[in-house]
Amino acid sequence: MKLFRLLLVLPGLAALAWGAVLIYEFAFPLWTGDLVAAGWLLGFPILHDALIAPVVGVVAFALSRVLPQPWKAPVMVGAVLTGVLAIIAFPLLWRTYGAPPPPGPRDNPELGLVISLAVVWVGVTTSGLVRYLRTDRARARAGLGRPKRPSV
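Report follows, based on the coordinates. Please read all numbers here as calculations on a predicted model, not as lab measurements.

Definitions and limits used
Note on numbering: residues in each chain are counted from 1, in written sequence order. For this predicted model, a pLDDT threshold of at least 70 governs which residues receive local features, and a threshold of 80 or more governs which side-chain atom pairs are given and counted, while totals over whole chains, interfaces and linings are taken from all residues. Only hydrogens and water are removed before side-chain values are computed, so all heavy atoms of the structure are retained for them. Only runs of H or I of at least four residues qualify as helices and only runs of E of at least two qualify as strands under DSSP, and these elements are numbered from the N terminus. Under the scheme applied here, a residue whose accessible area is under 20% of the maximum for its type counts as buried, over 50% as exposed, and between as partly exposed, the area being computed with a 1.4 Å probe on protein chains only. By the convention used here, residues are in contact when the closest approach between their heavy atoms is within 4.5 Å. All accessibility values rest on the Shrake-Rupley procedure with a 1.4 Å probe; residue burial counts only the protein chains present in the view. In this description, a nonpolar core means a group of buried Ala, Val, Leu, Ile, Met, Phe, Trp, Tyr and Cys residues linked to one another through side-chain atoms lying within 4.5 Å. Each patch is assembled from residues with relative accessible area greater than 30% and no salt bridge, linking like charges that lie within 9 Å and nonpolar side chains (Val, Leu, Ile, Met, Phe, Trp, Tyr) that lie within 5 Å. A side-chain nitrogen of Lys or Arg and a carboxyl oxygen of Asp or Glu constitute a salt bridge if their distance falls within 4 Å. For a helix, the expected span equals 1.5 Å multiplied by the residue count minus one. We define the bend at each residue as the angle formed by axes fitted to the 7 residues ending at it and the 7 residues starting at it.

Regarding the overall build of the chain
Step number 1: Each helix and strand counted, the chain has four helices and zero strands in total.
Step number 2: Listing every helix and strand of the chain by position from the N terminus yields α-α-α-α.
Step number 3: For the chain, with 152 residues in total, the buried portion stands at 17%.
Step number 4: In the chain, 61% of the contacts between residues at least 6 apart in sequence involve partners at least 24 apart.
Step number 5: Surface summary for the chain: the accessible area is close to 11700 Å², and the carbon and sulfur share equals 74%.

Listed below in structure tokens is the structure:
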């Protein structure tokens, strides 16, 4: 068990060291944009903790109360992935050159976000339908009949 933990800690420490090198290269050269660097390094975690994480948490909690069991997990994962994609896309949507250009097509970040969200929610829908159909079949095999569906 100790060897397994060590194998998990070593890549984490290497990633931490690489992150420290990148932060040093970004924030500490003689650069007039120190305030911009501080804004990104301090403002984004505050934005995440004060706005994005609570909104995603409240939406996921509300959906967990409303959705049928087979749909809960896929929709909550979709809500979390939507929040993560919003965080990643925010610098490019806020300012055209707000972040280093990502690999691939660079001319339309809005389209990239829409395509990413569409892929996530197609996956959520597919996963939810598969789980729902498996639940229906399992109930039918057990002789319990079809589950009651909430009335709309």
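Back to the text.
Considerations on the nonpolar core
Step number 1: The biggest cluster of nonpolar side chains holds eight residues, and these are W71, V75, L85, A89, L113, V120, V124 and Y132.
Step number 2: At the level of elements, α3 (69–94) and α4 (109–141) are the ones that each hand at least two residues to this core.
Step number 3: In contact with W71, not counting residues within four places along its chain, are V124, T125, G128, L129 and Y132.

Digging into a nonpolar patch on the surface
Step number 1: Side chains of L3, L6, L7, V9, L10, L13 and L16 sit close together on the surface and give an oily, nonpolar patch of about 690 Å² of accessible area.
Step number 2: Turning to its location among the elements, L3 is positioned in helix α1 (residues 2–27).
Step number 3: Note on L3: relative accessible area 58%, which makes it exposed.

Quick notes on α3
Step number 1: Spanning 26 residues, α3 covers 37 Å between terminal C-alpha atoms, matching the ideal 38 Å at 1.5 Å per step.
Step number 2: Where α3 bends most, at I88, the angle is about 40°, and the proline P91 comes one to four residues later.
Step number 3: P70, W71, P74, V75, G78, A79, G83, L85, A89, P91 and L92 are the residues of α3 that are buried.

Some remarks on the side chain of S64
Step number 1: In this structure, S64 sits in helix α2 (residues 34–66).
Step number 2: Contact partners of S64, with chain neighbours within four places excluded, come to K72 and M76.

Shape descriptors only; they carry no functional weight alone.
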